[in-house]
Amino acid sequence: MKLKHFTLLFVAFFASALTLWGQKTITGVVTDANSNEPLIGATVLVKGTTTGTVTDISGAYSLAVPSGATVLVFGFVGYTVKDVQIGESTKIDAVLTIGALLDNFVVLGSRAAARTSTQSAVPIDVITAKEIKIFAQTDVGQILNYVAPSFNSNRQTVADGTDHVDPASLRGLGPDQVLVLFNGKRRHTSALVNINGTVGRGSVGTDMNVIPVAAIERIEVLRDGAAAQYGSDAIAGVINVVLKKQYDGLAVSLTTGANFTNMKYNVPNITGGIDSRSESITDGQVAQIDIMKGFRLGKGGFTVAAQYNNRGKTNRSGIDNIPTTYLGNNGSFPATPAGQDQATFRKGLIAADAGLATSNNYDRHNMVFGNSTAQNYGVFINGGIPTGDKSELYFSGGITYRTGQGYGNYRVPVARNQQPLKADGSLVYPNGFLPGIESDINDRSVILGYKTTINNWDLDLSNTFGSNSFQFSVFNSGNASLANSDTQPTTFDAGKLKFDQNTTNLDISRLFAKVGPIKNLNLAFGSEYRRDHYQIVAGETNSYFGNGRTVPTAPLTVGGPAQGTAVAAPGSQVFPGYQPSDEVNKARTNLGFYTDIEGELANRLMIGLAGRFENYSDFGSNFSGKVTARLKLTEQIALRGSVSSGFRAPSLHQRYFQNTSTQFVSGLPSNTLTVNNDNPIAREKIGVDALRPETSVSVAGGITAKVNSILTVTIDAYKIDIKDRIVYSGAFSRSLLGFSATEYLGVNNVNFFANAANTKTTGIDIVALSRFPIGKGSLNFTVGANFNKNEVTGINSTPLINDPAKNDPAKTPDDWFKNRLFDRQQRSRIEVWQPNSKINLSLTYTTGKFDFSIRAVRFGQSKYVHNLDTEAKKADGTFWNTQFARDVSGKALIEQTFAPVWITDLVLGFRASKSFNISLGANNIFDVYPDQIYIDPRNAYGSVDYSAGRDASNRGRLLFQPNQGGYNGRFAFVRLGYTIQ
């Protein structure tokens with residue numbers, strides 16, 4: 001199938017390349033009339049079309065202009081639009097004056113001619129190349145997190161593969177409910193499915209960080225349901241990454257920086273007090289090189305952009321408060337020997353263990369909570385060759401390779417079921433070990449297309465292929481199930497995930513100047529054929545091997561005998577490898593057709609209609625529709641709105657993923673089996689239905705206004721109802737499922753994917769832009785805000801899950817099947833785990849050769865909710881879960897509300913010459929951290945009344961949650977740039 005698609009397009013290429021004529025390339029520079037300084041990121045468009053580009057760091061542009069074009073339109077935020085006649089010239093400079101235009105031209109959200117974002121019927125953010133590069137963030141996900149109010153992406157930690165692929169969301173919805181486009185073409189997703197306790201748990205997102213920042217011209221964020229226009233996944237909206245198409249010049253930048261922070265936190269002590277700690281930390285060193293070079297190729301050309309990024313790890317962990325490390329029982333106390341006093345026995349055990357720790361120089365600071373290391377190498381190309389009058393062959397593609405190392409939970413020596421043993425039965429790691437996961441991520445993509453105009457009809461035929469693979473390797477580890485040996489393996493090939501996607505599109509459109517009472521009627525229609533392919537490849541045998549063998553447990557006294565035996569955990573510690581029974585090689589196809597109509601009535605009312613039908617080979621068909629409208633009340637004020645239906649097809653990952661992973665519950669390891677949707681455990685023992693598409697209905701409305709030619713304001717409200725949302729279930733224990741001792745050795749819990757929830761999302765977006773002259777310079781001020789609420793409105797269960805026998809009111813509600821299906825914590829990850837609001841304030845003042853930029857971002861409150869029901873009571877009025885400390889009202893202290901966080905960035909830029917510039921600055925200049933996670937005072941180190949499950953601090957080591965802008969503290973950087981036009 002792939003070969004046939006590419007053959008068709010290459011034939012078109014060679015046939016068309018013989019007739020190079022009809023287009024010319026225009027170059028020039030756009031500058032500020034007041035300061036004569038270059039305008040970086042100014043828009044240059046061929047009037048009445050979507051053909052355009054933006055200026056580079058020196059204010060220069062290069063644009064291939066179709067034959068017959070007569071006018072170029074120049075625009076920049078806060079400046080008056082300028083039309084320039086093309087004539088015979090091939091070099092056109094433009095000088096812009098501060099004026100009324102306070103937003104940028106966009107092509108997303110409409111198939112008609114480009115408009116400014118305030119002229120659009122739906123809300124769109126435009127992030128220019130200057131905004132992308134100005135502050136300290138070095139990858140796309142983090143850049144968008146601090147620029148776009150409705151976008152959230154925060155690095156996760158101790159979450160297996162999710163340490164290396166940041167989950168991202170729009171309007172608080174899932175990473176797989178936003179569609180990502182490259183140059184307007186569908187981008188493939190990652191091979192990774194997020195199954196650990198992070199944002200987007202159970203979803204499959206697009207890896208935004210494979211894109212070199214140097215390759216990006218702008219990023220358009222459509223904040224509106226758009227499945228009827230662009231297909232599956234566009235429930236929350238669309239992110240379109242537009243690559244540079246600059247055929248001249250060279251731009252190089254070097255960024256280096258690190259975290260310089262003072263981490264403060266509190267630790268309860270054994271006397272009942274609180275110890276305040278402070279650590280001065282320098283880590284997370286970053287070195288990044290970005291290169292962009294343009295090349296001429298006949299009458300066209302191409303841009304090559306490359307990036308190298310080396311990011312060091314960060315660590316913001318606390319001290320392990322586990323009572324014993326060498327003696328006793330893993331994570332808790334063993335039974336008190338007969339005839340002994342419990343408190344006396346436990347104190348003696350703790351004292352003896354502390355003596356061993358001192359003699360062995362054991363460090364209880366034994367975890368790494370923070371960014372994984374990462375090395376990223378990426379090269380992207382984007383270009384086009386005119387092949388006739390109003391015709392062009394275009395192409396783009398990229399290769400990215402990223403490797404990184406993240407860590408899991410420390411395996412203490414007392415956890416003998418996790419320890420590999422030497423030939424004499426002694427521990428390979430006498431003081432325990434911190435196992436890690438090394439990722440090798442390969443991402444490839446190519447777009448090849450041909451567009452032309454025939455009898456005023458625009459035709460665009462393209463093929464897009466993308467692939468992503470994720471190789472898991474485990475290091476500093478061991479497999480306790482392997483036979484005793486002095487040559488125990490400590491590194492393992494744990495297997496690989498693969499995903500590839502091939503998409504062929506045919507798009508046809510025509511703009512009619514006037515049809516009856518309708519002006520600028522744009523008619524578009526087309527089709528899409530897509531093939532998805534997903535694979536799981538097993539790891540080496542030692543990475544998953546398990547035979548149920550028993551190993552001696554830790555002694556109760558120094559040098560004493562083992563207190564018994566335990567079943568050795570199967571597989572490599574931190575990440576058991578994919579097994580042959582997990583292997584998958586599945587594909588599906590999808591054929592879609594769409595139509596999109598847009599026009600204007602009486603120069604005031606713009607109306608758009610869109611419909612899309614898609615048929616999937618694995619689950620059937622779906623139809624989505626959309627209506628948009630924009631009513632111009634005055635020249636300054638307009639109303640806009642949309643109503644749409646949407647859908648998201650279940651990913652192949654969600655349908656077929658299966659593995660055994662180590663997930664920590666209440667600070668203790670638990671091997672969790674994820675079964676695919678066809679597995680008998682899911683279908684027969686639990687009663688889950690076959691996965692079906694998520695469907696949505698979105699309603700949005702807003703107002704746009706321009707005030708005194710120096711201020712633009714947009715306000716948009718929205719409501720999104722989603723049915724049959726696919727989630728990753730809560731844990732069903734082996735005892736609940738009735739497993740025998742010989743079934744599924746080493747597996748403690750089972751999870752699966754199901755269409756378990758219906759949700760409602762409501763919110764409002766506010767964006768205000770202002771630009772005006774001050775002295776010899778100009779001030780640009782931006783306010784962006786998103787206020788968002790997600791609610792679970794219903795649980796989709798099945799007769800077997802609702803069976804009264806599986807939901808016995810005489811037993812704890814935590815063991816009811818209907819609660820395990822979608823437990824409190826899974827619900828909270830949708831409703832309250834991410835910030836409920838975000839406010840972005842930014843100010844940039846430019847004068848002469850200097851730029852001063854300051855930005856403050858407020859991440860709203862978020863909440864932690866435990867998976868166990870802290871509020872459930874028995875018939876006698878007492879709590880089922882008595883282990884949690886409570887306030888005077890009875891609320892469990894483990895469930896926290898984290899207060900909003902303000903993070904402020906500051907940058908000073910200096911243009912030493914036309915070619916050379918330097919920036920100095922810091923992210924989080926005030927070194928702000930989110931609220932600390934609650935640590936139960938009863939779990940102070942040395943306590944004889946210890947239970948790891950009393951709080952969510954992972955034995956005192958997890959101090960902060962990452963979802964409010966992260967918790968790495970201050971990051972200072974310097975960036976050098978050099979440009980030749």
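These numbers were taken from a predicted model, which means no experiment stands behind them.

(A) Looking closely at the overall build of the protein. Of the regular secondary structure elements, the protein holds eleven helices and 46 strands. Expected size for 981 residues packed as a compact globule is a radius of gyration near 30 Å; at 29 Å, the protein falls within 12% of this value. Judged by the C-alpha coordinates and their principal axes, the protein covers about 100 × 60 × 55 Å. The buried share of the protein, reckoned over its 981 residues, is 60%.

(B) Layout of the environment of His866. For His866, the position within the fold is in the loop between strand 42 (862–863) and strand 43 (897–898). With 53 residues separating them in the primary sequence, His866 and Pro813 have C-alpha atoms 13 Å apart.

(C) Quick peek at the pairing of strand 30 (residues 620–632). In this sheet, strand 30 lies alongside strand 29 (residues 605–616) in antiparallel orientation, the contact comprising twelve bridges. Within strand 30, the position partnered with Met606 by the bridge is Arg630. Count of turn residues in the strand 29/strand 30 antiparallel hairpin: three residues. Relative to strand 31 (residues 637–648), strand 30 runs antiparallel, the two being bridged by seven bridges. The partner of Arg630 across the bridge, within strand 31, is Arg640. Where strand 30 hands over to strand 31, the hairpin turn is made up of four residues, counted between the paired strands.

(D) Structural detail: the sheet that holds strand 5 (residues 71–75). Strand order in the open sheet made by the four strands is 3-2-5-6, with antiparallel pairing throughout. Two strands lie at the open edges of the sheet, namely strand 3 (52–54) and strand 6 (82–85), each paired on one side alone. Strand-to-strand twist of the sheet, defined as the mean angle between neighbouring strand axes without regard to direction, takes the value 20°. As judged from the four bridges shared by strand 5 and strand 6, these two strands associate in the antiparallel manner. The partner of Val71 across the bridge, within strand 6, is Gln85.

(E) Up close: the pattern of salt bridges. Under the criterion given, the structure shown has 44 salt bridges. Put simply, Arg588 and Asp532 hold a salt bridge, and the shortest N to O gap is 3.4 Å. Here Arg588, found in strand 28 (residues 584–601), pairs with Asp532, found in strand 25 (residues 518–537); they are 56 residues apart in sequence, far enough to count as distant. Across the pair, Asp532 and Arg588 agree in class, each one buried. Across the pair Arg640 and Asp716 runs a salt bridge, and its minimum N-O distance is 2.8 Å. Placement of Arg640 in strand 31 and of Asp716 in strand 35 (residues 711–728) is noted, with a sequence separation of 76 residues between them. There is no split in this pair, since Arg640 and Asp716 are both buried. A cluster of three or more residues bridged by salt bridges with shared partners is formed by Glu528, Arg530, Asp532, Arg588, Arg612, Glu614 and Asp618.

(F) Molecular detail of helix 5 (residues 342–359). Taking 1.5 Å of rise per residue, the 18 residues of helix 5 would be expected to cover 26 Å, and the 26 Å separating its terminal C-alpha atoms lies within 8% of that figure. Along helix 5, the residues classified as buried are Phe345, Arg346, Leu349, Ile350, Asp353, Leu356 and Ala357. With its buried residues spanning 130° around the axis, helix 5 presents them on a single face. Exposed side of helix 5, more than 90 degrees from the buried face: Thr344, Lys347, Thr358 and Ser359 are the residues found there. Capping of helix 5 at its N-terminal end is provided by Asp341; its side-chain oxygen lies 3.3 Å from the backbone amide nitrogen of Ala343. Following helix 5 by one or two positions, Asn361 adopts a phi angle in the positive range, close to 55°.

(G) View of the side chain of Asn502. Assignment of secondary structure puts Asn502 in strand 24 (residues 492–515). Within polar-contact distance, the side chain of Asn502 engages the side chain of Asn463 at 3.2 Å.

(H) Spotlight on the nonpolar core. By size, the foremost hydrophobic cluster in this structure holds 42 residues, and its most contacted members are Met263 and Val412. When residues of this core are traced back to their parent elements, those giving at least two are strand 17 (250–268) and helix 5. It is helix 5 that provides the largest number of residues to this core, a total of five residues. Ignoring any residue separated from it by four or fewer positions in sequence, one finds Met263 in contact with Arg277, Ser278, Glu279, Ile281, Arg316, Ser317, Tyr929, Leu959 and Phe960.

(I) Representation of the environment of Ile720 within the structure. Its place among the elements puts Ile720 in strand 35. Each C-alpha atom, one on Ile720 and one on Lys776, is 47 Å from the other, the two residues being 56 residues apart in sequence.

(J) Structural context of the packing of aromatic side chains. With the rule as written, the count across this model stands at 26 aromatic pairs. For the pair Tyr616 and Phe647, a centre-to-centre distance of 6.2 Å together with 80° between the ring planes defines the contact as edge-to-face. Taken together, the residues span a long stretch of sequence, with Tyr616 in strand 29 and Phe647 in strand 31 at a distance of 31 residues. Across the pair, Phe647 and Tyr616 agree in class, each one buried. Ring geometry for Phe732 against Phe752: centres 5.5 Å apart, planes inclined by 40°, an arrangement best described as tilted. In this pair, Phe732 is assigned in strand 36 (residues 732–733) and Phe752 in the loop between strand 37 (749–751) and strand 38 (753–774), connecting sequence segments 20 residues apart. By relative accessible area, which is 0% here, Phe732 ends up buried. For Phe752, a relative accessible area of 1% puts it in the buried group. Put simply, the rings of Phe470, Phe472, Phe575, Tyr578 and Phe657 touch in pairs and so form one group of aromatic residues. Between Arg187 and the ring centre of Phe182, over which it is positioned, the NZ or CZ distance is 4.3 Å.

(K) Representation of the side chain of Thr761 in the model. In this fold, Thr761 is placed in strand 38. A distance of 2.4 Å separates polar atoms of two side chains, one belonging to Thr761 and the other to Asn790. If near-sequence neighbours (up to four positions away) are discounted, Thr761 is found in contact with Arg171, Leu173, Tyr718, Lys719, Ile720, Asn788, Lys789 and Asn790.

(L) Up close: the sheet that holds strand 1 (residues 24–32). An order of 4-1-7 is seen for the three strands of this open sheet, with the pairing classed as mixed. If you trace the sheet from one side to the other, it starts and ends with strand 4 (60–65) and strand 7 (94–96), each paired once. The sheet shows a mean angle of 30° between the axes of neighbouring strands, taken without regard to direction. Bridge count for strand 1 against strand 7 is three bridges, and the pairing is parallel. Each residue of the ladder has a partner; that of Asp32, found in strand 7, is Leu96.

(M) Here's a closer look at helix 3 (residues 140–147). The element helix 3 is largely enclosed, with a buried count of eight among its eight residues. Three or more residues of helix 3 are buried, namely Val140, Gly141, Gln142, Ile143, Leu144, Asn145, Tyr146 and Val147.

(N) Layout of the confidence of the model for the protein. When pLDDT is averaged along the protein, the result is 90; 94% of the residues meet or exceed 70. Ranking the helices and strands of the protein by mean pLDDT puts strand 43 first, with 98, and helix 1 (residues 2–17) last, with 40. Across residues 1–22, confidence stays below pLDDT 50; counting only partners more than four residues off in sequence or on other chains, it has 37 contacts.

(O) Structural detail: the environment of Asn361. With respect to the secondary-structure elements, Asn361 resides in the loop between helix 5 and strand 20 (373–388). Each C-alpha atom of the pair Asn361 and Gly763 lies 54 Å from the other, and the pair is 402 residues apart in sequence.

Basis of the calculations
- Residues numbered from 1 in each chain as written.
- Predicted model: local features only at pLDDT ≥ 70, side-chain atom pairs only at ≥ 80, totals over all residues.
- Heavy atoms only, no water.
- Helix = DSSP H or I, 4+ residues; strand = E, 2+ residues; numbered from the N terminus.
- Rg over C-alpha atoms; globule rule 2.2 N^0.38 Å.
- Buried < 20%, exposed > 50% of the residue type's maximum accessible area, 1.4 Å probe, protein only.
- Pairing = 2+ DSSP bridges.
- Axes fitted to C-alpha atoms, helices over the stretch in contact; angles between N-to-C directions.
- Salt bridge = Lys/Arg side-chain N within 4 Å of Asp/Glu carboxyl O.
- Expected span 1.5 Å × (residues − 1).
- Arc of directions from axis to C-beta.
- Polar contact = N/O pair within 3.5 Å; in protein donor to acceptor, adjacent residues only side chain to side chain.
- Core = buried A, V, L, I, M, F, W, Y, C linked by side-chain atoms within 4.5 Å.
- Contact = heavy atoms within 4.5 Å.
- Phe/Tyr/Trp six-rings, centres within 6.5 Å; stacked < 30°, edge-to-face > 60°.
- Lys NZ or Arg CZ within 6 Å of the ring centre and 35° of its normal.
- pLDDT = per-residue confidence, 0-100.

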